[in-house]
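Survey of secondary and tertiary structure
Next come the chains, spelled out residue by residue.
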Number of protein chains: 2
Amino acid sequence: MKACLLAIGSEMLTPERIDTNSLFATGRLNEIGYDVRLKAVVGDDLDDLARAFSWALEWADLIVATGGLGPTSDDLTRDAVARVLQLPFDVDEGVLERIRQRFERRGRPMPANNRRQAMVPRGAALLDNPGGTAPGLWLRSGTRIIVLLPGPPREMRPMLDAVVRDRLAPDADGRLFRRVVRLTGLAESEVDGRAEPLFIRWASRPSPIRTTILAVKGQTELHLAVRTGDAASAHAALDAAVGELQAIFGASIFSTDDRNLETVVGALLRERGLTIAVAESCTGGLLASRLTDVPGSSAYVDRGVVCYSNAAKVDMLGVPSELIERHGAVSEPVAVAMATGIRSRARTSIGVGVTGIAGPGGGSAEKPVGTVCICAVIGTAERVRTFQFVGEREMVKVQASQAALNLVRLLVLGEDVHEWTERR
Amino acid sequence: MKACLLAIGSEMLTPERIDTNSLFATGRLNEIGYDVRLKAVVGDDLDDLARAFSWALEWADLIVATGGLGPTSDDLTRDAVARVLQLPFDVDEGVLERIRQRFERRGRPMPANNRRQAMVPRGAALLDNPGGTAPGLWLRSGTRIIVLLPGPPREMRPMLDAVVRDRLAPDADGRLFRRVVRLTGLAESEVDGRAEPLFIRWASRPSPIRTTILAVKGQTELHLAVRTGDAASAHAALDAAVGELQAIFGASIFSTDDRNLETVVGALLRERGLTIAVAESCTGGLLASRLTDVPGSSAYVDRGVVCYSNAAKVDMLGVPSELIERHGAVSEPVAVAMATGIRSRARTSIGVGVTGIAGPGGGSAEKPVGTVCICAVIGTAERVRTFQFVGEREMVKVQASQAALNLVRLLVLGEDVHEWTERR
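Quick caveat: nothing in here was measured; it's all calculated off a predicted structure.

What to know about the packing of helix α8 (residues 261–271) of chain B against helix α13 (residues 393–413) of chain B
All names here are of chain B. Axis separation between α8 and α13 bottoms out at 10 Å; the angle between their running directions is 30°. Our classification of the angle between α8 and α13 gives roughly parallel. The way α8 lies across α13 gives a crossing that is left-handed. Each of L261, E262, V264, V265, L268 and L269 in α8 lies in contact with α13, whose residues at this interface are Q402, L405, N406, V408, R409, V412 and L413.

Written out as structure tokens, the structure is:
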């Protein structure tokens, strides 16, 4: 079955903005056997929108549109669909009341504009939006299905999941089963080279496993997908494939179940009753922020310090100033002193120290931009490594926080760190 | 004039990959007055491609397609266009020879497949590709223009620049001039309601200013665009429009030049020779990380602490434990003690304290998830506010870091904070 995704909003037709909702939606629709044949971005213009919807209705079995359901005069998705399907509008009093109450809870009257969000093309079913004021809409036109969802990802995602589960999946024929294997500490080309024989073998099986390799922000992802009507055999095939990858890559694989590295590290700490404190220089708080992105992280994150100045390293962590003078602020001895300093002050199980040069300034021939020293300590065990990251300031920060999280993971698991290729 | 961008390639219809060529192309086309009204990603399927081209030809003055010009059997862009325009193919011997020589220089014979790249729909002009084997193609159909370019950005970009310079710009009537005005501390619907009379007036002028309103991560953006052949009058019109917005929204506007809030705050601190230290609880390091995302921020960011535990607040900031017991860790007195504590320890000009409940756990009837107290101090001036943010953990963190940065900005500017609507 053919799906068409429409991302609605003029801002995504500027040179600065991109639609990313379609990635999430594509993944979810693929899983239930929909083939996304075209995705388009359309601006907040009634004629353009109506033209796009009528065109997609000519060939797509399913149209999922995101955005343009807000309260303002340029939120025109409802109007475009009503025009194309020639449907009148009704005001839904239930929706209106929920919007009013939402504003009331925040101590404000509902602006008159928000009334637009309660306008429903006749015959459309409402899709509950637990995270915002705009409900989604579900419409049918002959055999065609149209789903309208709000644009903000945190509203769109759970709503699409609910639509898939309750309305689309029950009718789907054959599903796409997927698994994402995430690795860190290895270059994409190295992962690709070592995994290629498996990929070739998997592709030639009766139910082939399709593979995609993708490098993102300090990690490499292997996406495996198999399409079948038989869930049990799909899971068995994917489990076996993941096992083959684990045999090759060992502890470089940190996740096979969609969890990100901070969530994996958090679960590990929680499971073992460990606590953590981090001392950051070049990552500037990103490491602590990622650790605390995980719900419930207050159970194991005690504290963090961001010590940009040398004085802060001395005052807050007890790093001896002669150590900084002798080795430089970006050095393994200083990373070790930061990790042990924060651990002893916080009285946590684990201490982490990160010091480096995020750029664009501050580099030298000996220590160029991207040089980062990271230390993790637990009990009497200590790991310290110097990395050389490539990219701009924010990418250096991301990669350094990733390497620090992974160092903690390997240290807790008792694994060595020999897999690292970014080591200088 | 209306432009349609087509990005061609099935890999961009997976959940992992995105088209980014369109951002570059949009920027270049806007500069010469083309309005990108729709952009779409189409897979390597002849029917889908032909359908997309014929549809775009119905309404777009210019179609720029990237990708699908390679040598393999799934490179079908040429075929789709030839089918839609009903053009036969000719083999261009000059192109064939250049491809052959290119391979020869690399010491290899030309694979037979590459002959496809010398197939030219009759009447098409060739666009030189200095960086690769596939030439681009330029076709006209009545008043419509079709430009076909290869997909790799390093080939596409210089080729598009050449097309713009040599073929499109000489015929263009006017350019699109843009300005982005960013506000924080006001709800999108409130901004829209107050700005709407301006939008209506601007839209009805001889050279209308088009406006788009967009809410993202704790801020609202107004995009203004005017099309004209006269750069000076465009800048004057946009300056005047920005001035009108400033008269309405005052200090709620933090940027009119594409800078984000951390960059604006950083410039302000640097300009005035101020330094900053931050103490964070619920934002978990995100505030420090955003401040240090700005290149050169080590000039004014001294340090940060993330004190998740009460012990950390007491040890590292000297927050009296009886204050925490009396008012709770999430309270204005504790936020003030955190801000003054970090400032006195760091000996910086400014101290910031953020304490709140990011969720999903930890909320109560009195202090629900999303309650965040923020204090900023400078000299004898102090601002402390309690906010009630909506959304999940990460959104609460983002909004709280945004509110904290804005509080610092307003404090430094000596502005009051009465604009805030999220206040409880």
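Quick word on the domain arrangement of chain A
Where the parts come together, the accessible area they lose is often given as the size of the interface. Residues and elements named next belong to chain A. If you check the domain split of chain A, you get domain 1 (2–171), domain 2 (175–255) and domain 3 (261–413). The centre of domain 2, based on its C-alpha atoms, is set 31 Å off from the matching centre of domain 3. Taken together, the contacts link 9 residues of domain 2 with 9 residues of domain 3. Summed over both partners, the interface of domain 2 with domain 3 comes to about 680 Å²; 63% of that surface belongs to carbon and sulfur atoms. Together, T184, K217 and F254 form the three largest contributors to the area buried by domain 2 at its contact with domain 3, with a combined 65%. Taken together, the connections running from domain 2 to domain 3 amount to 0 salt bridges. Across the contact surface, domain 2 and domain 3 share 2 residue pairs in polar contact (both at pLDDT 80 or more). Among the residues making up the side of domain 2 that touches domain 3, the classes are represented as 3 nonpolar, 5 polar and 1 charged.

Examining the pattern of salt bridges
Side chains carrying opposite charge are able to pair once their charged atoms draw close together. One pass over the full model with this rule turns up 47 salt bridges over all chains. With its nearest N and O atoms 3.1 Å apart, the salt bridge here joins E97(A) to R100(A). One end of the pair, E97(A), and the other, R100(A), are both in helix α4 (residues 93–105), 3 residues apart, so they sit about a helical turn from each other. Close ionic contact of E262(B) with R290(B) constitutes a salt bridge, the shortest N to O distance being 2.7 Å. Within this pair, whereas E262(B) is found in helix α8, its partner R290(B) is found in helix α9 (residues 286–291), the two being separated by 28 residues in sequence. The burial state of E262(B) is the same as that of R290(B); both residues are buried.

As for the interface of chain A and chain B
On the side of chain B, 80 residues touch chain A, which itself brings 80 residues to the contact. The junction of chain A with chain B conceals about 6,400 Å² of combined surface from both sides, 53% of it contributed by carbon and sulfur atoms. Counting the contacts that link chain A with chain B gives 12 salt bridges. A salt bridge links E190(B) to R108(A); the nearest nitrogen and oxygen atoms lie 3.1 Å apart. At the junction of chain A with chain B, the criterion picks out 39 residue pairs in polar contact (both at pLDDT 80 or more). Taken together, the residues that form the side of chain A that touches chain B break down as 31 nonpolar, 23 polar and 26 charged. Where strand β2 (residues 35–42) of chain A and strand β2 (residues 35–42) of chain B come together, 5 bridges link them in antiparallel fashion. Pairing of V42(A) across the sheet is with L38(B), part of β2(B).

Here we look at helix α3 (residues 77–85) of chain B
Among the residues of α3(B), T77(B), R78(B), A80(B), V81(B), A82(B) and L85(B) are the ones counted as buried. At the C-terminal side of α3(B), Q86(B) shows a positive phi close to 55°.

Topic: the packing of aromatic side chains
On inspection of all chains with the given rule, the structure shows 7 aromatic pairs over all chains. Aromatic pair F199(A) and W202(A): ring centres 6.0 Å apart, planes at 45°, arrangement tilted. With F199(A) and W202(A) both in helix α6 (residues 188–203) and 3 residues apart, the pair spans about one turn of that helix. W202(A) matches F199(A) in its accessibility class, with the two residues each being buried. On the basis of an interplanar angle of 10° and a centroid distance of 5.4 Å, the ring pair of F387(B) and F389(B) is categorised as stacked. Judged by relative accessible area, F387(B) falls into the buried class, the value being 0%. Taking the relative accessible area as the measure of exposure, F389(B) reaches 4% and is therefore buried.

A look at the sheet that holds strand β10 (residues 209–216) of chain B
Residues and elements named next belong to chain B. Taking strand neighbours across the sheet as the criterion, the 4 strands line up as β10-β11-β9-β12 in an open arrangement whose pairing is antiparallel. Single-partner strands in this sheet number two, and they are β10 and β12 (253–255). Averaged over neighbouring strand pairs, the angle between their axes works out to 30° when direction is ignored. The sheet contact formed by strand β9 (residues 175–183) and strand β11 (residues 219–228) spans 9 bridges and is antiparallel. Each residue of the ladder has a partner; that of F177, found in β11, is V226.

Notes on the state of the cysteines
Inspection of every chain in the model, using the stated rule, returns 0 disulfides over all chains. C307(A) takes part in no disulfide bond, and the closest cysteine sulfur, belonging to C282(A), lies 10 Å away. Using a relative accessible area of 0% as the deciding quantity, one classes C307(A) as buried. We note that C373(B) lacks a disulfide partner, and the nearest cysteine sulfur, in C282(B), lies 8.9 Å from it.

Topic: the confidence of the model for chain A
Residues shown with low pLDDT carry predicted positions that ought not to be read at fine detail. Per-chain confidence: chain A averages 91 in pLDDT, with 97% of residues scoring 70 or above. Taken as a whole, residues 418–424 of chain A scores under 50 in pLDDT and shows 28 contacts with residues more than four places along the chain or in a different chain.

Quick notes on the sheet that holds strand β16 (residues 371–378) of chain B
Read from one edge of the open sheet, 10 strands run β17(A)-β16(A)-β15(A)-β13(A)-β14(A)-β14(B)-β13(B)-β15(B)-β16(B)-β17(B), paired in mixed fashion. Unpaired on one side and paired on the other, β17 (381–388) of chain A together with β17 (381–388) of chain B mark the two borders of the sheet. Going from strand to strand, the sheet's axes swing by 10° on average, the running direction of each strand aside. As judged from the 5 bridges shared by strand β13 (residues 276–280) of chain A and strand β15 (residues 350–356) of chain A, these two strands associate in the parallel manner. Looking at β15(A), one finds that E280(A) is bridged to V354(A).

Examining the nonpolar core
Counting 56 residues, the largest nonpolar core has F53(A) and F53(B) as its most contacted members. Those residues in contact with F53(B) that sit more than four places away from it in its chain are L6(B), I8(B), I63(B), A65(B), T77(B), A80(B), V81(B), V84(B), I146(B) and L148(B).

Structural notes on the pairing of β9(B)
Residues and elements named next belong to chain B. In terms of burial, β9 is a largely internal element, 7 of the 9 residues being buried. With 2 bridges connecting them, β9 and β12 associate as antiparallel partners. If you follow L183 over to β12, its bridge partner there is I253.

So, helix α12 (residues 332–346) of chain A
Residues and elements named next belong to chain A. Compared with the 21 Å implied by 1.5 Å per residue over 15 residues, the 21 Å span of α12 between its first and last C-alpha is a close match. Inspection of α12 places V334, A335, V336, A337, M338, A339, G341, I342, R343 and A346 among the buried residues, and these make up the whole buried set. R347 sits one or two residues past α12 and shows a positive phi near 55°.

Cut-offs applied
- Residues numbered from 1 in each chain as written.
- Chains lettered and ligands numbered in written order.
- Predicted model: local features only at pLDDT ≥ 70, side-chain atom pairs only at ≥ 80, totals over all residues.
- Heavy atoms only, no water.
- Axes fitted to C-alpha atoms, helices over the stretch in contact; angles between N-to-C directions.
- Helix = DSSP H or I, 4+ residues; strand = E, 2+ residues; numbered from the N terminus.
- Parallel < 35°, antiparallel > 145°, perpendicular 65-115°, else oblique.
- Left-handed = near helix turned anticlockwise from the far one by under 90°.
- Contact = heavy atoms within 4.5 Å.
- Domains from an automatic or database assignment.
- Buried area = accessible area lost by both parts, 1.4 Å probe.
- Salt bridge = Lys/Arg side-chain N within 4 Å of Asp/Glu carboxyl O.
- Polar contact = N/O pair within 3.5 Å; in protein donor to acceptor, adjacent residues only side chain to side chain.
- Nonpolar A, V, L, I, M, F, W, Y, C, P; charged D, E, K, R; others polar.
- Buried < 20%, exposed > 50% of the residue type's maximum accessible area, 1.4 Å probe, protein only.
- Pairing = 2+ DSSP bridges.
- Phe/Tyr/Trp six-rings, centres within 6.5 Å; stacked < 30°, edge-to-face > 60°.
- Disulfide = S-S within 2.5 Å.
- pLDDT = per-residue confidence, 0-100.
- Core = buried A, V, L, I, M, F, W, Y, C linked by side-chain atoms within 4.5 Å.
- Expected span 1.5 Å × (residues − 1).

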